[in-house]
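# Reading the structure
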Amino acid sequence: MHAIEIAKTYIQAAQTGDQATLGRVISPDVVWHQPGHNQFSGTHRGMAAVGQMLGQMMAVSKGTFAITRADHYMANGDWVAVSIEFAGERDGLTLQQAGVDLLHIVDGKIVEVRLFSSDSAQEDAFWGQ
């Protein structure tokens, strides 16, 4: 599969909660860079740590956190940038903003993820410390 096809497969699996497909396209040794200054920010190494973080994000947002739009898949070699929108609700707070997911794909697997948010203050307030 071409890098853009892998990125599209990843986004679709994330949107639908398809854990089997996520496990197939994300390397077990993935390095995930979560932006901001909140309880989930920082570098997470390995699918076990990333899975735990994503599970906690879903718990905090009571299952509402989602990628609501993804388009403009752009490749540069084995890197793919995807413009996205994401949203969630939590305790009367709403998170809704644009972002970019930058995926490094090697040998058919996502080995690194760098996320960018258009409003890091809003995201930090939403996720909390």
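Scroll up to find the structure.
### Some remarks on the packing of aromatic side chains
Taken as a whole, this structure holds 4 aromatic pairs when the rule is applied. Centroid distance Phe65 to Trp127: 5.2 Å. Interplanar angle 70°. Geometry classified as edge-to-face. Placement of Phe65 in the loop between helix 3 (47–60) and strand 3 (66–76) and of Trp127 in helix 4 (residues 120–127) is noted, with a sequence separation of 62 residues between them. Under the relative-accessibility criterion, Trp127 is labelled buried at 1%. Here the aromatic cluster, defined as three or more aromatic residues joined through ring pairs, consists of Phe40, Phe65, Phe86, Phe126 and Trp127. The side chain of Lys8 reaches across the aromatic face of Tyr73, ending 5.4 Å from its centre.

### Let's talk about the nonpolar core
One finds Tyr10, Val80, Ile105, Ile110 and Trp127 to be the most contacted residues of the largest nonpolar core, which totals 32 residues. Ranked by the residues each element gives to this core, the list is headed by helix 1 (residues 3–16), at 7 residues. Filtering out sequence-adjacent residues up to four positions away, Ile105 remains in contact with Ala3, Ile6, Ala7, Asp78, Val80 and Ile110.

### Describing the sheet that holds strand 6 (residues 109–117)
Spatial strand order, 2-1-6-5-4-3: 6 strands in an open sheet with mixed pairing. Only two strands of the sheet have a single partner each, and these edge strands are strand 2 (42–45) and strand 3. Recorded for the sheet is a direction-independent mean angle of 20° between the axes of neighbouring strands. Pairing analysis gives 9 bridges linking strand 3 to strand 4 (residues 79–90), with the strands arranged antiparallel. Opposite Ala70, over in strand 4, you have Ile84 as the bridge partner. The sheet contacts of helix 1 involve strand 1 (26–34), strand 3, strand 4, strand 5 (93–106) and strand 6, and relative to strand 3 the element is tilted by about 175°. Strands in contact with helix 3 are strand 1, strand 2 and strand 4; relative to strand 1, the strand with the most contacts, it is inclined by about 55°.

Criteria and thresholds
Within every chain, residues take consecutive numbers counted from 1 along the sequence as written. This being a predicted model, a pLDDT of at least 70 is required before a residue's local features are given, and a value of 80 or more before pairs of side-chain atoms are given or counted; all residues contribute to the totals for chains, interfaces and linings. Hydrogens and waters are ignored; side-chain quantities use all the structure's heavy atoms. Under the pairing criterion, centres of Phe, Tyr and Trp rings, with the six-membered ring standing for Trp, must be within 6.5 Å; the plane angle then separates stacked pairs below 30 degrees from edge-to-face pairs above 60, leaving the rest tilted. In this text, helices come from DSSP runs of H or I with a minimum length of four residues, and strands from runs of E with a minimum of two, each type numbered from the N-terminal end. When a residue's accessible area, from a 1.4 Å probe over protein chains only, is under 20% of the maximum for its type it is buried; when over 50% it is exposed; and in between it is partly exposed. The rule is short: NZ of Lys or CZ of Arg within 6 Å of the ring centre and within 35 degrees of the ring normal puts a charge over the ring. For the purposes of this section, nonpolar cores are sets of buried Ala, Val, Leu, Ile, Met, Phe, Trp, Tyr and Cys residues that join through side-chain atoms within 4.5 Å. In this description, contact between two residues means that some pair of their heavy atoms is separated by no more than 4.5 Å. Two strands are said to pair when DSSP picks up at least two bridges between them. For helices, the fitted line uses only the C-alpha atoms of the stretch in contact; every axis is such a line through C-alpha atoms, and the angle between N-to-C directions lies from 0 to 180 degrees.

Nothing here speaks to function; it is geometry throughout.
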